[in-house]
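# Fold and contact review
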Amino acid sequence: MRFLTLLFVPAIIGAQEPLTRIVDTTARPITLDEAVRLAQLNAPQAVQARGQMRTTSASVRSSLGAFMPNLNLSMGAGWSGGQGDRVNNQGDVISGGAWNYSNGLSMGMTLFDGGRTWYNLSSARATAEAAEVGEIQTRYNVALAVKQQYFAVLAARDQLAAAHTTLEQAEQQFRTAKARVEAGSAIISDTLRALIQIGNGQLAVLQAEHALRNSNAALTRTVAAPAPVTALPDTTIEWVDLTAANLDIDELSRRAPAVQTAQANLASARAGARASRSPYLPTLSLSFGRSGSGIDRQYGWGPDTTASGNPTYNYRTNLSFSASYPLFDRFNRERTAIAARVEQENAEVALRDAEFRARQEFVSYTGLLQTAEAQIRINEISVAAAEEDLRVQQLRYELGSSTLLDVLTSQTQLTNARSALIRARFDYRVAKAQLEALLAREL
C-alpha cells in the first residue's frame with residue numbers, strides 16, 4: 001500500500017504544474033471609472049438612449065415649426081412644337097415650336113386647429129424630457145451592469161487566490177502525513193486523504209481560473225474594449241454611512257429617474273388627451289401664392305415686353321382663407337379620444353407603480369447593503385478564527401495529538417469562511433451600485 005501511495009504521488013503533484021500557465025495574463029487592467037466611461041460610450045442601450053434624445057429634440061423642433069408657414073418655390077420650363085404658325089399666350093405669332101418658362105412662390109399656414117398644435121408641442125416637450133431622464137437612467141443602469149461585472153472579476157480573482165492557498169495547505173498536509181506515515185506514527189489512509197485534498201485543490205484552482213477568464217471576457221464585452229481588459233486588484237471596501245447620506249425615502253421616491261420618466265410620460269399622455277378633443281373644433285387656414293409664366297428665359301427678370309408690345313411674363317397672385325369642420329368622420333374622433341384617455345389612465349397607473357417600486361427598491365437595497373456589511377464583519381472574524389483553528393489542528397497533528405480528519409474538517413471550515421467573505425464583499429459592492437443606480441447619484 002505504501003508503494004502504491006508513493007507511485008501515485010508524482011502524478012498528482014505533477015498535475016498542478018501547468019495550472020499557472022493557463023491563466024490569461026494578456027488582459028489590460030483598467031480602473032472602475034474607465035470601465036464605466038467606456039461602457040456609457042459604447043453600450044448599445046446607451047447609444048440608443050442618446051439617439052432617442054436626438055429624435056425627440058427633432059420632434060420638438062417639428063412641433064414648433066407647425067406654428068410657422070410652409071413655403072414652396074417652383075420653377076419650370078417646357079417646350080411645345082408643331083407645324084405652321086401659332087399664337088402664344090402673349091398674342092405673339094410664333095413659327096414652329098417654342099419654350100415657355102414658369103415660376104411660383106406659395107405659402108400656407110393653419111390659423112386655428114382647435115389647439116392641436118399647442119398640445120402636440122406640449123406632448124413633444126414632455127416626450128423629450130422623458131428621453132433626457134431616460135438617458136440619465138440608462139447611464140446609471142449601464143454603470144450598474146459594468147460595476148457588477150467589474151466586481152465579479154474581483155471576486156473571481158479573490159476566489160482564485162483562495163484556491164491557490166487551499167492547494168498549498170493541502171500539499172503541506174500531504175507532506176506532513178507522508179512524514180508521519182514513514183515514521184510509523186500515522187496510518188496510510190492519512191496520505192490518501194491528503195492526496196484527495198490535493199486533487200480537490202487542483203480542481204478548485206482550475207475552476208477559479210476559468211471563472212476569472214470568463215469574467216474578464218464578460219467585462220471586455222460590457223465595455224466594448226477592442227482588447228481584453230480586467231479589473232485592477234482592489235481589496236478595499238468603500239463603506240456607505242446611510243445615516244449621514246441624508247436619504248429621505250419620500251423625496252428619493254419622487255426624484256428617482258424611473259419616477260421622473262413616468263411623470264414625463266404622464267404629461268405627454270395628458271397633452272395627447274387634450275389634443276384628441278381638437279377635431280371637435282373647426283380649422284381655419286390661410287394661403288398665399290404668386291406665380292408667373294411666359295417666354296422670358298430669365299423667368300421675369302428680362303425685358304418686360306416683346307417687340308410687338310406684349311408682356312414677356314404674366315404674374316398671378318392669390319390670397320385665400322378657408323374654414324373646415326368635419327360633421328361626421330365615421331366615429332374616428334371618438335375612437336381617438338377614447339384611446340387618448342386610456343393612454344392617460346395607463347400613464348397615471350404607471351406613475352403610481354413607479355413611485356411604489358422606487359420605495360420598495362430603496363428599502364430592499366439599503367437592507368441588502370446593511371446585511372452585506374454585517375456579513376463582511378462576521379465573515380472576517382470567521383476567517384481569522386478558522387485560520388487559527390487550522391493552524392492549531394495542523395500543529396496538533398504534527399505532534400500526534402490530533403487526527404488528519406480534524407485537520408481536514410478545519411480546512412473545510414476555512415474554505416467555506418473564505419468563500420462566504422468573498423461573496424459578502426461582492427454583495428455589498430453590488431448593493432451599493434444598485435442603490436446608486438436607483439438614486440442616479442454616487443454615494
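Reference entry: report on the structure contained in this document. (Residues numbered from 1 in each chain as written. Predicted model: local features only at pLDDT ≥ 70, side-chain atom pairs only at ≥ 80, totals over all residues. Heavy atoms only, no water.)

To continue, consider the overall build of the protein. Each helix and strand in the protein was counted, giving 9 helices and 8 strands. Expressed as a percentage of the 443 residues in the protein, the buried residues total 39%. Taking all contacts inside the protein whose residues are at least 6 apart in sequence as the whole, residues at least 24 apart take part in 81%. (Helix = DSSP H or I, 4+ residues; strand = E, 2+ residues; numbered from the N terminus. Buried < 20%, exposed > 50% of the residue type's maximum accessible area, 1.4 Å probe, protein only. Contact = heavy atoms within 4.5 Å.)

Time to look at helix α7 (residues 257-275). Look at α7: 27 Å from first C-alpha to last across 19 residues, which is about the 27 Å you get at 1.5 Å a residue. Taken residue by residue, α7 has Pro-257, Val-259, Thr-261, Ala-262, Ala-264, Leu-266, Ser-268, Ala-269, Ala-271, Ala-273 and Ala-275 as its buried positions. For α7, the elements touching its buried residues are α4 (116-183), α6 (249-255), α8 (332-399) and α9 (404-439). (Expected span 1.5 Å × (residues − 1).)

What follows covers a nonpolar patch on the surface. A cluster of nonpolar side chains, Leu-111, Phe-112, Leu-281, Leu-284, Phe-288, Leu-319 and Phe-321, forms an exposed patch at the surface whose accessible area comes to about 650 Å². Counting residues per element, the ones that place at least two in the nonpolar patch are β5 (98-112), β7 (283-294) and β8 (313-324). Looking at where Leu-319 falls in the secondary structure, it is placed in strand β8. Taking relative accessible area as the criterion, Leu-319 reaches 56% and is therefore assigned exposed. (Patch = residues over 30% accessible without salt bridge, like charges linked within 9 Å, V, L, I, M, F, W, Y side chains within 5 Å. Areas by Shrake-Rupley, 256 points an atom, 1.4 Å probe, with all protein chains shown as cover. Salt bridge = Lys/Arg side-chain N within 4 Å of Asp/Glu carboxyl O.)

Here the focus is a positive patch on the surface. Together, Arg-270, Arg-274, Arg-277 and Arg-341 give the surface a local cluster of positive charge. Structurally, the position occupied by Arg-341 is in helix α8. (Lys, Arg positive; Asp, Glu negative; His and termini not counted. Charge placed at Lys NZ, Arg CZ, Asp CG, Glu CD.)

Scanning all chains against the criterion turns up 4 aromatic pairs. A centroid spacing of 6.5 Å and a plane angle of 85 degrees characterise the contact between Tyr-150 and Phe-151, whose relative ring orientation is edge-to-face. Take Tyr-150: its relative accessible area is 5%, and that puts it in the buried class. Residues Trp-239 and Tyr-428 carry aromatic rings whose centres are separated by 5.0 Å and whose planes lie at 65 degrees to one another, so their mutual orientation is edge-to-face. A residue pair is termed long-range when its members are at least 10 positions apart, and Trp-239 in the loop between β6 (229-231) and α6 and Tyr-428 in helix α9 qualify at 189 residues. (Phe/Tyr/Trp six-rings, centres within 6.5 Å; stacked < 30°, edge-to-face > 60°.)

Looking now at the packing of α4 against α7. Contact pair α4 / α7: the axes reach a minimum separation of 8 Å and the direction vectors enclose 165 degrees. Viewed along their axes, α4 and α7 adopt a mutual orientation that is roughly antiparallel. You can see that α4 and α7 cross each other, and the crossing is left-handed. Between α4 and α7, the residues in contact are Arg-116, Tyr-119, Asn-120, Ser-122, Ser-123, Ala-126, Thr-127, Glu-129, Ala-130, Val-133, Gly-134 and Gln-137 and Pro-257, Ala-258, Gln-260, Thr-261, Ala-264, Asn-265, Ala-267, Ser-268, Ala-271, Arg-274 and Ala-275, respectively. For the contact of α4 with α7, the residue count by class is 10 nonpolar, 10 polar and 3 charged. (Axes fitted to C-alpha atoms, helices over the stretch in contact; angles between N-to-C directions. Parallel < 35°, antiparallel > 145°, perpendicular 65-115°, else oblique. Left-handed = near helix turned anticlockwise from the far one by under 90°. Nonpolar A, V, L, I, M, F, W, Y, C, P; charged D, E, K, R; others polar.)

With that settled, consider unusual backbone geometry. For Ala-224, which is not a glycine, the phi torsion comes out positive at approximately 55 degrees. In this structure, Ala-224 sits in the loop between α5 (188-223) and β6. Taking relative accessible area as the criterion, Ala-224 reaches 40% and is therefore assigned partly exposed.

Their axes nearest at 7 Å, the elements α8 and α9 cross at an angle of 160 degrees. Judged by the inter-axis angle, α8 sits roughly antiparallel to α9. Remark: the crossing between α8 and α9 carries left-handed chirality. Here the residues of the contact of α8 with α9 are counted per class, giving 23 nonpolar, 10 polar and 10 charged.

Moving on: the sheet that holds strand β2 (residues 70-80). Here 4 strands make up an open sheet; going across it, the order is β2-β5-β7-β8 and the pairing antiparallel. Edge positions in the sheet fall to β2 and β8, since each of these pairs with one other strand and no more. Across this sheet, the average inter-strand angle for adjacent strands is 15 degrees, counted without regard to direction. (Pairing = 2+ DSSP bridges.)

Once that is clear, we can look at helix α3 (residues 44-65). Compared with an ideal rise of 1.5 Å per residue, which puts 22 residues at 32 Å, α3 spans 31 Å between its outermost C-alpha atoms and is within 8% of the ideal. At its buried positions, α3 is contacted by α2 (32-42) and α4.

Turning our attention to the nonpolar core. Core analysis: the largest hydrophobic core is formed by 42 residues, its most contacted members being Val-146, Tyr-150, Phe-151 and Val-223. Elements with a minimum of two residues in this core: α2, α4, α5, β6 and α9. No other element matches α4, which puts 18 residues into this core. Sequence-distant contacts of Val-223, that is, excluding residues within four places in its chain, are made with Ala-35, Leu-38, Ala-39, Asn-42, Val-146 and Val-229. The next biggest cluster of nonpolar side chains, apart from the first, holds 37 residues, and it includes Ala-256, Leu-266, Val-383 and Leu-408. (Core = buried A, V, L, I, M, F, W, Y, C linked by side-chain atoms within 4.5 Å.)

Moving on: the pattern of salt bridges. Inspection of every chain in the model, using the stated rule, returns 14 salt bridges. For Arg-357, the salt bridge identified is with Asp-353, shortest N-O distance 2.5 Å. In this pair, Arg-357 and Asp-353 are both assigned in helix α8, 4 residues apart and thus about one turn of the helix distant. Overall, Arg-357 belongs to the partly exposed group, its relative accessible area being 36%. You can call Asp-353 partly exposed: its relative accessible area is 38%. In this structure, Glu-373 and Arg-377 form a salt bridge, with 3.3 Å as the shortest nitrogen-oxygen distance. Placement of both Glu-373 and Arg-377 in helix α8 is noted, with a separation of 4 residues, approximately one turn of the helix. Accessibility expressed as a relative area gives 24% for Glu-373, which makes it partly exposed.

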